[in-house]
Amino acid sequence: ARPKENRLSAGFSDDERASFTELLAAVPAFALLFGLMLITGETPDWEWLLFPVAVIMQGLALLGIAFICARIVNASRDMGNLIPVMVRLLRYVSGVFFPVAHYAKGLPHLAQDMLVYQPFSLMLTTGRQALLTDPDHDVVLTDWLVMAAWAIGLVTIGLVVFWRDEARYGRG
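Note that this is a predicted model, so its numbers are computed, not measured.

A. Local environment of the overall build of the protein. Looking only at helices and strands, one finds seven helices and zero strands in the protein. Going from N to C terminus, the protein has its helices and strands arranged as α-α-α-α-α-α-α. Considering only residue pairs separated by 6 or more positions, the protein has 63% of its internal contacts joining residues 24 or more positions apart. For the protein, the exposed surface amounts to about 12,100 Å²; the carbon and sulfur share of it is 68%.

Written out as structure tokens, the structure is:
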């Protein structure tokens, strides 16, 4: 027998409840982040209000990528084994460990743009621009507009790609 739903979760699917639970689980991490920023000398600024926007754009882009990956893995289960490898590679080129723009300076202009304006780098860049007040992290409108375009584009394309093969999901 299925447990009785409370009024707050009525009408939501299990996946929606799980997503909301994950969002709530992130709240303490965000609180710790803001606490550490204050302790280390960062001062609250109007730009901090952009942080939720950066998180929403990141969530939309990742949702689109998840839709695309779900379609690929449904077509070939073995492709699911490549996803952790791809995530690790993306970590190395996205600026988690080093500032991408700093290391891209010596490259040809096209290569610089590809590294700086790829979605994983922009996710980190917009978050840093929203929260950090040093001159290296000023808010750059171009970065935010390109990230918004990635977010909208990836979630739209991902939804279409996922939806077009929906009838075959879970059929082996």
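B. Highlighting the packing of helix 2 (residues 51–75) against helix 7 (residues 141–164). Relative orientation of the contacting elements helix 2 and helix 7 amounts to 30°, with a least axis distance of 7 Å. One way to sum up the angle between helix 2 and helix 7 is to call them roughly parallel. In the packing of helix 2 onto helix 7, the handedness of the crossing is left-handed. Residue classes in the contact of helix 2 with helix 7 are distributed as 20 nonpolar, three polar and two charged.

C. Structural detail: the layout of surface pockets. Its boundaries defined by the atoms lining it, the largest pocket holds a volume of some 580 Å³. If you trace the largest pocket, you find 17 residues lining it, with Ile 65, Met 86, Val 87, Leu 90 and Phe 120 closest to the centre. Among the secondary structure elements, those contributing two or more residues to the lining of the largest pocket are helix 2, helix 3 (82–94) and helix 6 (119–131). Tallying contributions element by element places helix 3 first for the lining of the largest pocket, with seven residues. Residue classes in the lining of the largest pocket are distributed as 14 nonpolar, two polar and one charged. Within this model, the second largest pocket holds a volume of roughly 500 Å³.

D. How the structure looks around a nonpolar patch on the surface. A surface patch of nonpolar side chains, amounting to about 880 Å² of accessible area, comprises Ile 72, Met 79, Leu 82, Val 85, Met 86, Leu 89, Tyr 92, Val 93, Val 96 and Phe 97. Counting residues per element, the nonpolar patch draws most heavily on helix 3, which supplies six residues. Position of Leu 89 among the secondary structure elements: in helix 3.

E. Region of interest: the packing of aromatic side chains. Scanning the model with the defined rule gives four aromatic pairs in all. Taking the centre distance of 5.4 Å and the plane angle of 85° together, the rings of Phe 30 and Phe 51 count as edge-to-face. Pair noted here: Phe 30 is in helix 1 (residues 14–39) and Phe 51 is in helix 2, with a separation of 21 residues, a long-range link. Among the aromatic residues, those joined into a cluster by ring pairs are Phe 30, Phe 34, Trp 48 and Phe 51.

About the cut-offs
Residues numbered from 1 in each chain as written. Predicted model: local features only at pLDDT ≥ 70, side-chain atom pairs only at ≥ 80, totals over all residues. Heavy atoms only, no water. Helix = DSSP H or I, 4+ residues; strand = E, 2+ residues; numbered from the N terminus. Contact = heavy atoms within 4.5 Å. Areas by Shrake-Rupley, 256 points an atom, 1.4 Å probe, with all protein chains shown as cover. Axes fitted to C-alpha atoms, helices over the stretch in contact; angles between N-to-C directions. Parallel < 35°, antiparallel > 145°, perpendicular 65-115°, else oblique. Left-handed = near helix turned anticlockwise from the far one by under 90°. Nonpolar A, V, L, I, M, F, W, Y, C, P; charged D, E, K, R; others polar. 1 Å grid on protein atoms, 1.4 Å probe; cavity = no way out; pocket = protein on both sides within 12 Å on 5 of 7 lines; lining within 4 Å. Points joined across faces, edges and corners; volume = space filled by probe spheres on them. Patch = residues over 30% accessible without salt bridge, like charges linked within 9 Å, V, L, I, M, F, W, Y side chains within 5 Å. Salt bridge = Lys/Arg side-chain N within 4 Å of Asp/Glu carboxyl O. Phe/Tyr/Trp six-rings, centres within 6.5 Å; stacked < 30°, edge-to-face > 60°.

Purely spatial values, then, with no claim about function.
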